[in-house]
Amino acid sequence: MRESGGIKQFVLPAMMWLIFEAVAVALWLLTGERFYVFNFSYIGTSVAAGILLFQLRYQHARRVAQFLVGTYMLVYLGLICRENMQIEGFWYYLFTGVFEAATIHYAVAKIAGPLVFGRGWCGYACWTAMILDLLPYKMMQRPRKEWGWVRYLTFALSFLFVSALFLAGVNDMERMMFLSFLIGNALYYIIGIALAFALKDNRAFCKYICPVAVFLKPMSYFSLLRVKCDESKCISCGRCRRVCPMDVDMTDPSRKRKNGTECILCHECVKACPEKAL
Ligand code: SF4
Ligand code: SF4
Ligand code: SF4
């Protein structure tokens, strides 16, 4: 996965940028909305810049992309344009049969996209993790809990919440979705931060609570882009496991590796490996 210097280090960021540009142009042609060109060009350029900075060995490369995309989606799309990009917004647009805003966001970043870039969204773009990653527990300090089932509960609750709004015939659904965006985000941050401190694990919310992982996990299993382990170089020192924020067993090169669908492509394991086996 690690690229050597020279022209090679531009290949991956260029590929990522081109994928986003292709999506931008395709959506523009399909919908006639030029906004999609701006939107996906901005996101693609931010992600590509983050990957390029990583290739250039800049220590905070991933965080740069995370803040560029995360603040854009939270502040510009969410607070200024009043688009609910959370899972409730996805259900809302899905129920109304409108293929725009959250439905496109989910289709690209969280359903089809992970087939190519796995959980890159979680590592380089998510505005919830953008804040959680600032907390002090970057590596897990306690064994992982068996609480993954909670995400299916929050997934079902989000679906039932939006269904109930439709069944109740709420008049001003746009306003209701904006309110749910504000309250939902506040809850995510409060629960995410509290859980991180309680379990000494910045990414506890991602591991146990986040409903979006219900989409992300199965799709990222097939991801084209993944960190692989060269077993002939590995000396089983365990460093990769210790620095991984998601508790992925990188020493197993197969797709069935433990917690493999949780890899956020942060490359902390790659940086830590003394044998360049990753
Ligand atoms: S699991 Fe959820 S909260 Fe965590 S980074 Fe992914 S989308 Fe964001
Ligand atoms: S440390 Fe490695 S295995 Fe763990 S999430 Fe980051 S890239 Fe994936
Ligand atoms: S850090 Fe590298 S050498 Fe050590 S166990 Fe992981 S892959 Fe193997």
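Cut-offs applied
- In every chain, residue numbers begin from 1 and rise along the written sequence.
- Whichever chain is written first becomes A and whichever ligand is written first becomes 1, with later ones labelled in order.
- Whole-chain, interface and lining totals are the exception, using all residues; otherwise, since this is a predicted model, local features are given only for residues with pLDDT of at least 70 and side-chain atom pairs are given and counted only at 80 or more.
- Here a helix means four or more residues in a row that DSSP labels H or I, a strand means two or more in a row labelled E, and each is numbered from the N terminus.
- A radius of gyration in this sense is built from C-alpha atoms; the matching globule rule multiplies 2.2 Å by the number of residues raised to 0.38.
- Exposure classification rests on a simple neighbour count of other C-beta atoms within 10 Å of a residue's own: a residue reaching 20 or more is buried, one at 12 or fewer is exposed, and one in between is partly exposed. C-beta atoms are placed from the backbone.
- Nearness between a residue and a molecule or strand is assessed with a C-beta atom placed from the backbone; a distance within 6 Å qualifies.
- Just so you know the grouping, Ala, Val, Leu, Ile, Met, Phe, Trp, Tyr, Cys and Pro go in nonpolar, Asp, Glu, Lys and Arg go in charged, and all remaining residues, Gly too, go in polar.
- The angle between two axes is taken between their N-to-C directions and runs from 0 to 180 degrees, where each axis is a line fitted to C-alpha atoms and a helix contributes only its stretch in contact.
- Here the word oblique covers every angle except those under 35 degrees (roughly parallel), over 145 (roughly antiparallel) and from 65 to 115 (roughly perpendicular).
- Here a crossing is called left-handed whenever its near helix is offset anticlockwise from the far helix by less than a right angle, and right-handed whenever the offset is clockwise.
- It is the C-beta atoms, placed from the backbone, that decide contacts: two residues are in contact if theirs lie within 7 Å.
- For this analysis, nonpolar core means a set of buried Ala, Val, Leu, Ile, Met, Phe, Trp, Tyr and Cys residues linked through C-beta atoms within 7 Å.
- Residue ranges assigned to each domain were obtained from an automatic or database domain assignment.
- What the arc covers is the set of directions going from the helix axis to the C-beta atoms.

> If you had to explain the overall build of the protein chain to someone new, which residues and values would you point to?
In terms of helices and strands, the protein chain carries 14 helices and 0 strands. In the protein chain, the succession of α and β elements from N to C terminus is α-α-α-α-α-α-α-α-α-α-α-α-α-α. For the protein chain, whose C-alpha radius of gyration is 19 Å, the value lies close to the compact-globule estimate of 19 Å for 278 residues. Each principal axis of the C-alpha distribution contributes one length, and for the protein chain these read about 60 × 45 × 30 Å. Among the 278 residues that make up the protein chain, the fraction classed as buried is 41%.

> Give a detailed account of the site of ligand 1, specifying residues and quantitative values.
In the neighbourhood of ligand 1, the contacting residues comprise C122, C126, T128, A129, F205, C206, C210, V212 and A213. Going through the elements one at a time, α8 (127-132) and α11 (204-209) are the ones with two or more residues in the shell around ligand 1. Of the residues in the shell around ligand 1, the class split is 8 nonpolar, 1 polar and no charged.

> Tell me about the packing of helix α2 (residues 35-55) against helix α3 (residues 61-80), and name the residues and values.
The geometry of α2 relative to α3 is characterised by a closest axis approach of 7 Å and an angle of 170° between their N-to-C directions. Looking at the two axes, α2 sits roughly antiparallel to α3. Of the two elements, α2 crosses α3, and the hand of that crossing is right-handed. Across the interface between the two elements, Y42, I43, S46, V47, A49, G50, L53 and F54 from α2 touch A61, R62, V64, A65, L68, V69 and Y72 from α3. Here the residues of the contact of α2 with α3 sort into 12 nonpolar, 2 polar and 1 charged.

> Outline unusual backbone geometry, supporting the account with residue identities and numerical values.
Phi is positive for N259, which is not a glycine, with a value near 60°. For N259, the location among the structural elements is in the loop between α13 (239-243) and α14 (268-272). You will see that K276, though not glycine, has its phi angle at about 55°, which is positive. Mapped onto the elements, K276 comes out in the segment after α14. Accessibility expressed as a C-beta count within 10 Å gives 9 for K276, which makes it exposed.

> So what's going on with the nonpolar core? Residues and values would help.
Of all hydrophobic cores here, the largest spans 70 residues; its most connected members are F20, V47, V69, A125, M250 and L278. Here this core gets 8 residues from one element, more than from any other, and that element is α2. Looking at this core, you find at least three residues from each of domain 1 (85-220) and domain 2 (227-278).

> Run through the domain arrangement of the protein chain, naming residues and quoting values.
Domain boundaries in the protein chain define domain 1 (85-220) and domain 2 (227-278). Centre-to-centre, using C-alpha coordinates, domain 1 lies 25 Å away from domain 2. For the side of domain 1 that touches domain 2, the secondary structure elements donating two or more residues are α7 (120-124) and α12 (213-220). Residue contributions to the side of domain 1 that touches domain 2 peak at 3 residues, all from α7. Of the residues in the side of domain 1 that touches domain 2, the class split is 3 nonpolar, 5 polar and 6 charged.

> Could you give me a rundown of the packing of helix α4 (residues 87-96) against helix α10 (residues 173-199), with the residues and numbers involved?
It is the contact of α4 with α10, at a shortest axis distance of 9 Å, that shows an interaxial angle of 160°. Classified by the angle between their axes, α4 and α10 sit roughly antiparallel to one another. Like other packed secondary-structure pairs, α4 and α10 cross with a definite hand, here right-handed. Between α4 and α10, the residues in contact are E88, G89 and Y92 and M173, M177, S180, F181 and G184, respectively. Counted by class, the contact of α4 with α10 contains 4 nonpolar, 3 polar and 1 charged residues.

> I'd love a proper account of helix α5 (residues 102-112), names of residues and values included.
Within the span of α5, buried status applies to A102, I104, H105, Y106, V108, A109 and K110. Packed against the buried residues of α5 are α1 (11-31), α4, α6 (114-117), α7 and α12.

> Could you give me a rundown of the environment of F159, with the residues and numbers involved?
For F159, the location among the structural elements is in helix α9 (residues 150-167). Sequence spacing of F159 and F90 is 69 residues, and the spatial spacing of their C-alpha atoms is 9.4 Å.

> With reference to specific residues and values, describe α12.
Every buried residue belonging to α12 is among A213, L216 and S220, and all of these are buried. The buried residues of α12 occupy one face: seen down the axis, they fall within an arc of 65°. Structurally, α12 contributes buried residues whose contacts are with α5, α6, α7, α9 and α11.

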